[in-house]
Amino acid sequence: MNPSERLDAIDVLRGVALFGVLAMNIVTIFRISIFALFLPNVERAGPLDQVVAAVLTVVVELKAFSLLSLLFGVGLAIQFERLAGNARRMILLVRRLLVLLTIGLVHLYLIWNGDILVEYALAGFVVLHFLGRPRGLMAGAALLLLGLYVTMPLLPPIVPLPGEAEMAALAAEATRVYGTGGFFDVLAFRIREVPAIFPLHVMVFPRTVALFLIGALAWRSGVLRWASANRRLLFVIATSAILLGGGLNLPAARQELFDWPSLGRARFLVEELGVVVLSLGYAAAVIAAVNLPGGRRMLGWAAPLGRMAFTNYLAQSVICGWIFYGYGLGQFGRLGVAATLAIGIFVYVTQVVFSAWWLRRYRFGPVEWLWRSSMYGVPQPMRATANSAIMRATIAV
């Protein structure tokens, strides 16, 4: 498989993962306060909303974010490898992460405080130190960090979350400000919320770094590099990981779908391990499917979306902010899960169409162009050549 083909498979996976990220973001943190998720459920949901929420929790929640983290690690490893002959390799990669951090901070404060880009940039700085190291060291660090993450609920908190009363107050004020406030009202409250949300990023940071390392290891192993030749292995990994990960996620399924008792304090450990394993299974399944006869034709629609994932992620925040916040349609706290997911699906389909249209004309998404140009310090060619336009149009068929 040549380099362009192998990146197509990764772009397809990134495009598919972006749907899961949008689905979870729009039905949770855009629709209602993030702190409402930690409070006793007082929302009156109909049967359809309950089923949709349960299915998203069991099948999608955290798995999509884990997939994006794995793919970010893959991307770092690819960049590190491609710049191997460049004496300024580390300078360019540090600059790349600094630009990501800057864009993330703008996104965090001016658009939406559910941002993941700041955390990704900081995790990237950590992972840079491992990219040229032996694979055993990378694997050991990933396992150590995952072990730290899954045992954190048993340890004293590094940065404690707000108490229940403070969360309830923040959730109530969010409903008022986000639902009815103007842009500057929303901005002021968003800035106030950031310190309260910060402990959540501290909690998941070890998992993010671990997933970056696992993604980088997957690239260095050659399984992704020569996915077509490793198709049978990928299907074995996909089947095993989905079965094992699904089994580990049964505590969540039992509670969400059937209201059965769970595993107490051990539930977090079991479910989080299930999330990581299931995410690896999803990734292997999609990449293997892309490399089946006809697979690229069946899944190629997601490649343009994935190639513009940075642009699409930020666009999702702008669109959802306009739908839910008071300076737009003001639907915050007013819609059920099913109706909100339907809006998310419409947004996603629109982005699929727009991404294919854009990449028939241009080499990069707008934000990807800015990111790449800032990394190299010179504007990158933006217009698609005739050959690249034909190739991207073929992939989108």
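This one's a predicted model, so the numbers in the text were calculated from it and none came from an experiment.

J.: Which residues make up helix 5 (residues 117–128), and what values do they have?
T.: Compared with an ideal rise of 1.5 Å per residue, which puts 12 residues at 16 Å, helix 5 spans 16 Å between its outermost C-alpha atoms and is within 8% of the ideal. Of all 12 residues in helix 5, nine are buried; the element is thus mostly enclosed. Residues of helix 5 that are buried: L117, V118, E119, Y120, A121, A123, G124, V127 and L128. Close packing links the buried residues of helix 5 with helix 3 (63–82), helix 4 (89–111), helix 8 (183–221) and helix 14 (309–324).

J.: So what's going on with helix 2 (residues 47–60)? Residues and values would help.
T.: For helix 2, with 14 residues, the first-to-last C-alpha span of 19 Å sits near the 20 Å given by 1.5 Å per residue. Within helix 2, burial applies to D49, V52, A54, L56, T57, V58 and V60. Backbone geometry just after helix 2 places L62 at a positive phi near 70°.

J.: Let's hear about the confidence of the model for the chain: which residues, and what values?
T.: With 90% of its residues at a pLDDT of at least 70, the chain reaches an overall mean of 88. Segment residues 389–397: pLDDT under 50, and 20 contacts once partners within four positions in sequence are set aside and those in other chains are kept.

J.: Give me unusual backbone geometry: which residues, what numbers.
T.: Backbone geometry places L62, a non-glycine residue, at a positive phi of 70°. Tracing the backbone through its elements, the reader meets L62 in the loop between helix 2 and helix 3.

J.: So what's going on with the nonpolar core? Which residues, and what values?
T.: Within soluble globular proteins, side chains that are nonpolar tend to cluster in buried spots. Counting residues in each nonpolar core, the largest one holds 109 residues, and the members touching the most others are L56, F72, L100, F310, Y313, F324 and Y325. With 14 residues, the top contributor of residues to this core is helix 8. Not counting residues within four places of it along the chain, the set of residues in contact with F72 comprises L97, L100, Y120, F212 and W371. By size, the runner-up hydrophobic cluster in this structure holds six residues, among which are M308, Y362, F364 and M382.

J.: I'd like a description of the packing of aromatic side chains, backed by residues and values.
T.: In total, this model carries 19 aromatic pairs according to the counting rule given. When the centroid spacing of 4.4 Å and the interplanar angle of 15° are considered together, the rings of F30 and W112 count as stacked. Note that F30 is positioned in the loop between helix 1 (3–27) and helix 2 and W112 in the loop between helix 4 and helix 5, a separation of 82 residues in sequence. For the residue pair F30 and W112, the accessibility class agrees, reading buried in each case. Here the guanidinium or amino end of R96 rests over the ring plane of W371, the centre of that ring lying 3.9 Å away.

J.: Which residues make up the pattern of salt bridges, and what are the values?
T.: Taken as a whole and assessed by the stated rule, the structure comprises eight salt bridges. D8 is the partner of R296 in a salt bridge, and the nearest nitrogen-oxygen pair spans 3.0 Å. On the criterion of sequence distance, the pair formed by R296 in helix 12 (residues 295–299) and D8 in helix 1 is long-range, its members being 288 residues apart. Here D8 falls in the buried class, since its relative accessible area comes to 4%.

J.: Provide a residue-level description of the environment of G281, including the pertinent values.
T.: Here G281 shows up in helix 11 (residues 267–290). In this structure G281 comes out as buried when scored by relative accessible area, which is 0%. Residues G281 and I237, spaced 44 residues apart in sequence, show a C-alpha to C-alpha distance of 6.4 Å. The residues contacting G281, other than those within four sequence positions of it, are A238, A241 and I242.

Basis of the calculations
- Residues numbered from 1 in each chain as written.
- Predicted model: local features only at pLDDT ≥ 70, side-chain atom pairs only at ≥ 80, totals over all residues.
- Heavy atoms only, no water.
- Helix = DSSP H or I, 4+ residues; strand = E, 2+ residues; numbered from the N terminus.
- Expected span 1.5 Å × (residues − 1).
- Buried < 20%, exposed > 50% of the residue type's maximum accessible area, 1.4 Å probe, protein only.
- Contact = heavy atoms within 4.5 Å.
- pLDDT = per-residue confidence, 0-100.
- Core = buried A, V, L, I, M, F, W, Y, C linked by side-chain atoms within 4.5 Å.
- Phe/Tyr/Trp six-rings, centres within 6.5 Å; stacked < 30°, edge-to-face > 60°.
- Lys NZ or Arg CZ within 6 Å of the ring centre and 35° of its normal.
- Salt bridge = Lys/Arg side-chain N within 4 Å of Asp/Glu carboxyl O.

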